[in-house]
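Here's the letter readout for the chains.
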Amino acid sequence: MAALVAGATIDVPDFPQPGIVFKDLMPLFADGAVFKNVIDGIVAHHGPGSFDVVAGVEARGFVVAAAIAYATGTGVVPIRKAGKLPRKALSASYALEYGEATLEVHEDAFVAGQRVLVVDDVLATGGTAGAAMDLVERAGGTIAGFTVLMELGFLPGREKLAPRTVHALLTV
C-alpha cells in the first residue's frame, strides 16, 4: 500500500504558502487501478462489519469515505468546513500547521453508539483529525477507526491523537 500511495503522490513546494510542501494525492484518485487497490486495502485492514458508517473530512476525505462506504454497503457522513451544512451542526475549531480552521457535522449525523470509521487524506499535526473525531463523539458516534492515506511522521499528529490508533497507508 505504501508504494502505491507514494508512487501516486506529487510534492508541490510552497503551497498553500512558502515553506509548506503540499502532498497532492489527486493523481492517486485519478488512477482507477491504484484508487481501487487503496480502497480495498483500507476495507481489508478494518475488516468486514467493524464499522457502521464512514465519516470523511473535507474535502479529499470525502472521496475516500464515499468509496469505502460504497465498497462496504455502509453510509457516508461529511465532516465539513464551517458554514457549509444546512441544518443545525456541532463545530470544533483547531490549529493547522499554518493557521486555524473549524469543522462541523450535523448534530444528528449519527445514531447513538453507531461505529464510525473516520477517514482523511493526510495526517499532519493532528488538529483536523482530533477535531473530526471529537465531533463524531459529540454527535453520538463511537470511533471504530481512523485511517489516512499518508501520515507526515515528522509532525506530532499521531502523538496528539493517542491513545487512539492511527492507520496510515504511507508514513513519510
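One can find the structure itself at the top, above this paragraph.
Remember, predicted model here, so these are calculated numbers, not experimental data.

**With respect to the pairing of strand β9 (residues 167-171)**
The element β9 is extensively covered by neighbouring structure, given that four of its five residues are classed as buried. Where strand β8 (residues 142-151) lies against β9, four bridges are found, and the strand directions are parallel. Residue Thr 147 lies in a different strand from β9, and its bridge partner there is His 167.

**Section: the packing of aromatic side chains**
Counted by the stated rule, this structure contains two aromatic pairs. Plain terms: the ring middles of Phe 29 and Phe 35 are 5.6 Å apart, the flat faces sit at 85 degrees to each other, and that makes the pair edge-to-face. With respect to class, Phe 29 is no different from Phe 35; both count as buried.

**Digging into the sheet that holds β8**
Strand order in the open sheet made by the seven strands is β5-β6-β4-β3-β7-β8-β9, with mixed pairing throughout. Among the strands making up the open sheet, the edge pair consists of β5 (89-96) and β9. On average, adjacent strands in this sheet sit at an angle of 20 degrees to one another, irrespective of strand direction. Here β5 pairs with strand β6 (residues 99-106) via eight bridges, running antiparallel. Looking across to β6, one finds that Ser 91 is bridged to Glu 104. Where helix α5 (residues 127-138) meets the sheet, its contacts fall on β3 (53-57), β4 (75-81), β5, β6, β7 (115-123) and β8, and the angle it forms with β5 comes to roughly 160 degrees.

Quick notes on the rules
Residues numbered from 1 in each chain as written. Predicted model: local features only at pLDDT ≥ 70, side-chain atom pairs only at ≥ 80, totals over all residues. Heavy atoms only, no water. Buried < 20%, exposed > 50% of the residue type's maximum accessible area, 1.4 Å probe, protein only. Helix = DSSP H or I, 4+ residues; strand = E, 2+ residues; numbered from the N terminus. Pairing = 2+ DSSP bridges. Phe/Tyr/Trp six-rings, centres within 6.5 Å; stacked < 30°, edge-to-face > 60°. Axes fitted to C-alpha atoms, helices over the stretch in contact; angles between N-to-C directions. Contact = heavy atoms within 4.5 Å.

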